[in-house]
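# Secondary and tertiary structure notes
Spelled out from the first residue to the last, the chains are:
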Number of protein chains: 2
Amino acid sequence: MRSNSDNNIIKIPEPTLRRLPWYLSNIKLMKEQGGHFVSSTQLSKATGIDASQIAKDLSYIKVSGKPRVGYEATYIIKALEDFLGFTRQHEAFLFGVGNLGGALLNDNGLSQFGLKIAGAFDVRKEIIGTEINGIPIYDINRLPDVNTGARIKIGILTVPIYFAQNVTDWMVACGIKAVWNFTPFRIRVPENIVVQNTSLYAHLAVMFNRLNEEELKR
Amino acid sequence: MRSNSDNNIIKIPEPTLRRLPWYLSNIKLMKEQGGHFVSSTQLSKATGIDASQIAKDLSYIKVSGKPRVGYEATYIIKALEDFLGFTRQHEAFLFGVGNLGGALLNDNGLSQFGLKIAGAFDVRKEIIGTEINGIPIYDINRLPDVNTGARIKIGILTVPIYFAQNVTDWMVACGIKAVWNFTPFRIRVPENIVVQNTSLYAHLAVMFNRLNEEELKR
């Protein structure tokens, strides 16, 4: 185990990292509506999050507000976008061009948040060699040739659950360091590999359940 | 505030609800590989989750395993799918046919998990009246006419952040009871309305940050 002080890395808590994009979108909105300065009180009102929590979260990105005025909107938007990595282009490969995979290939919105899908991989002969939204689809066996010098470090996993672990192992063997896992399968990776789970189906399950509860109350 | 005993509703903790789809996918995989029975010890090994936690989570769906054998795979798969709402068809409307909205309209995979998008709404004249993947796109002002009898209760929110709150208010006024919010904006709703936030950008931010930390360690 490494301590937080190693290489001066300060580990930012995940809840903070998840709240920062909320602040960003709210500040953008306030700026759009003519606000030049944004206070944590205003942000608190807009987001429902405690003002002291907001100040604490923002302290990680080392911006400081002016007393009684707040943060300068333009400045903090830039600082947040930089900090969150949205202003740098991160290239990624996508694995599994099914329904969801194909949908993500068509989603140009991701590039506004710093993610560019450079290529996709699949096993189906009929789609290998074609393109979706200008993104080439390769045979998954060709990953080592395509990812020369292990240049690309992010893999988006959208394969059927039956292949989730095998494809993950293959990605990692070929230099992928971060897996954005859209499958409802809990993949296992070596300790130094980053995994971000985004299971739309788990979110659906929560929503159906909560909706059902509310219906029963009526 | 209502207590848990009202109308016999047992409120299932959200972490449990999020883990259940993981169990489901792992059990499906084990069954595919020839397993007829699944024990919580096996599930624990496959998912990395404590076996006692798994047993506790599964107790919510009122299935019981056989001592030293475990749960019957076919039975528990059906029980989990029913419990999670994946076997019933829930109709939904989608609001905002941009990049992500269009991608979700093209994702037929959602219907396997019980979600069917019955219609989409936008403000742009050039797409109103057209279809994507067989799903009609309506003028957002026509929502009350299209949602006759407030038949459809789920709204998928994929509008730009600037419109997120207004569109949410409009949905709720027209009978939507659950909002699946894909925007990075924290929407506000009346107490009885369910909100499920799925911010892909927040997940991206976490992944970029963690990847960066790992790179710095090297």
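Below is a summary of the structure that appears in this document. As the structure is a prediction and not an experimental result, all values here were calculated from the model.

Cut-offs applied
Numbering of residues starts from 1 in every chain and runs along the sequence as written. The naming scheme follows written order: chains are lettered A onward, ligands numbered 1 onward. For a predicted model such as this one, the threshold for reporting local features is a pLDDT of at least 70, and the threshold for listing and counting side-chain atom pairs is 80 or more; totals across whole chains, interfaces and linings nevertheless cover every residue. To get the side-chain values, take all heavy atoms of the structure and skip hydrogens and water. Nonpolar cores are built from buried Ala, Val, Leu, Ile, Met, Phe, Trp, Tyr and Cys residues. Side-chain atoms within 4.5 Å join them into one set. Accessible area is worked out with a 1.4 Å probe on protein chains only. A residue is then buried under 20% of its type maximum, exposed over 50%, and partly exposed in between. For this analysis, residues touch if any pair of their heavy atoms sits within 4.5 Å. A residue counts toward the fit only if its pLDDT is at least 70 in both copies, and the copies are then superposed by least squares on the C-alpha atoms of those residues. At least two bridges found by DSSP between two strands is the condition for calling them paired. Secondary structure elements follow DSSP: runs of H or I no shorter than four residues count as helices, runs of E no shorter than two count as strands, and numbering proceeds from the N terminus. Two parts placed together each lose some accessible area under a 1.4 Å probe, and the buried area is that loss summed for both. Note on definitions: salt bridges are taken to be side-chain nitrogens of Lys or Arg within 4 Å of carboxyl oxygens of Asp or Glu. Think of a polar contact as two N or O atoms within 3.5 Å of one another; within protein, one of them needs to be a possible hydrogen donor and the other a possible acceptor, and neighboring residues in sequence only count if both atoms come from side chains. Gly is placed with the polar residues, together with every amino acid not listed as nonpolar (Ala, Val, Leu, Ile, Met, Phe, Trp, Tyr, Cys and Pro) or charged (Asp, Glu, Lys and Arg). Here an angle of 0 to 180 degrees is reported between the N-to-C directions of two axes, which are lines fitted to C-alpha atoms, with helices fitted over the stretch in contact. A right-handed crossover is one whose linking path, passing over the helix from the first strand to the second, runs clockwise when the strands point away from the viewer. Classification of ring pairs rests on two measures: the distance between centres of Phe, Tyr or Trp rings, Trp counted by its six-membered ring, which must be within 6.5 Å, and the angle between planes, read as stacked under 30 degrees, edge-to-face over 60 and tilted in between.

## Details of the nonpolar core
Grouped together as the largest cluster of nonpolar side chains are 103 residues, with contacts concentrated most on L58(A) and L58(B). Those residues in contact with L58(A) that sit more than four places away from it in its chain are L20(A), Y23(A), L43(A), V63(A), Y71(A), I76(A) and L80(A). Counting 21 residues, the second-largest nonpolar core is a separate cluster that includes L29(A), F121(B), M171(B) and I193(B).

## Observations regarding the relation of the copies chain B and chain A
The operation relating the two chain copies consists of a rotation about an axis and a shift along that axis. After a rotation of 180° and a shift along the axis of 0.0 Å, chain B superposes on chain A with an RMSD of 0.0 Å. Classification of the inter-copy transformation places it as that of a two-fold axis. Within chain B, A103(B) has its C-alpha nearest the rotation axis, a separation of 2.2 Å. Here 100% of the interface residues in chain B have copies in chain A that are interface residues too; the copies meet face to matching face.

## A short note on the sheet that holds strand β5 (residues 131-132) of chain A
The pairing of strands in a sheet happens through backbone hydrogen bonds and is either parallel or antiparallel. Residue and element names in this part refer to chain A. Taken in spatial order, the seven strands of this open sheet run β5-β6-β4-β3-β7-β8-β9, and their pairing is mixed. Looking at the sheet topology across the chains shown, the edges are occupied by β5 and β9 (194-197). As paired strands, strand β3 (residues 90-95) and strand β7 (residues 154-157) are joined by four bridges and run parallel to one another. Bridge pairing in β7 places F95 opposite L157.

## What about the interface of chain B and chain A?
Each partner contributes residues to the interface: chain B has 76 residues there, and chain A has 76 residues. Here chain B meets chain A over a buried area of about 7,400 Å², counting both sides, of which 66% is carbon and sulfur. On inspection of chain B and its partner chain A, the count reaches zero salt bridges. Where chain B meets chain A, there are 14 residue pairs in polar contact (both at pLDDT 80 or more). For the side of chain B that touches chain A, the elements supplying multiple residues, two or more each, are α1 (14-32), α2 (40-47), α4 (73-84), α5 (99-106), α7 (161-173), β8 (178-181), β9 (194-197) and α8 (200-217) of chain B. In terms of residues, the side of chain B that touches chain A owes the most to one element, α8(B), which gives 17 residues. For the side of chain B that touches chain A, the residue count by class is 38 nonpolar, 20 polar and 18 charged.

## What to know about the environment of I49(A)
Secondary-structure assignment places I49(A) in the loop between α2 (40-47) and α3 (51-59). Between the C-alpha atoms of I49(A) and L157(A), which are 108 residues apart in sequence, the distance is 32 Å. Sequence-distant contacts of I49(A), that is, excluding residues within four places in its chain, are made with R19(A), W22(A), Y23(A), S44(A), I54(A) and R186(B).

## Some points on the sheet that holds strand β4 (residues 115-122) of chain B
Read from one edge to the other, the open sheet built from seven strands follows the order β5-β6-β4-β3-β7-β8-β9 (chain B), with strand pairing classed as mixed. Where the open sheet ends on each side, the last strands, each with one partner, are β5 (131-132) and β9 of chain B. Sheet strands touched by helix α8 (residues 200-217) of chain A: β3 (90-95), β4, β7 (154-157), β8 and β9 of chain B. Its angle to β9(B), the strand with the most contacts, is close to 170°.

## Points about the pattern of salt bridges
Per the stated rule, a full pass over the model turns up 18 salt bridges over all chains. With its nearest N and O atoms 3.9 Å apart, the salt bridge here joins E91(A) to K116(A). Here K116(A) lies in strand β4 (residues 115-122) and E91(A) lies in strand β3, a separation of 25 residues in the sequence. Given the relative accessible area of 40%, K116(A) is considered partly exposed. Between K78(B) and D82(B) there is a salt bridge; the shortest N-O distance is 2.7 Å. Residue K78(B) and its partner D82(B) are both found in helix α4; the two are separated by four residues, about one turn of the helix. You can call K78(B) partly exposed: its relative accessible area is 47%. Each member of the salt-bridge network shares a partner with another, and the members are E91(A), K116(A) and R151(A).

## Considerations on the pairing of β8(B)
Residue and element names in this part refer to chain B. Residues of β8 alternate between two faces, with A178 and W180 on one and V179 and N181 on the opposite face, all of them buried. Direction of pairing for β7 relative to β8: parallel, over a ladder of four bridges. Bridge pairing links L157 to N181 in β8. The handedness of the β7 to β8 crossover, carried by α7, is right-handed. Relative to β9, β8 runs parallel, the two sharing four bridges.

## A look at the packing of aromatic side chains
Under the criterion given, the structure shown has twelve aromatic pairs over all chains. Relative to Y201(B), the ring of F113(A) lies with its centre 3.7 Å away and its plane at 10°, an arrangement referred to as stacked. Here Y201(B) lies in helix α8 and F113(A) lies in the loop between α5 (99-106) and β4, a pairing that spans two chains. Residue class for Y201(B) comes out buried when judged on its relative accessible area of 8%. With a centroid separation of 5.0 Å and an interplanar angle of 90°, the aromatic rings of F93(B) and F121(B) are classed as edge-to-face. With F93(B) in strand β3 and F121(B) in strand β4, this residue pair connects regions lying 28 residues apart in the sequence. Each member of the pair, F93(B) together with F121(B), is buried. Put simply, the rings of F93(A), F95(A), F121(A) and Y138(A) pair up and form one aromatic cluster.

So yeah, pure geometry; function would need other evidence.
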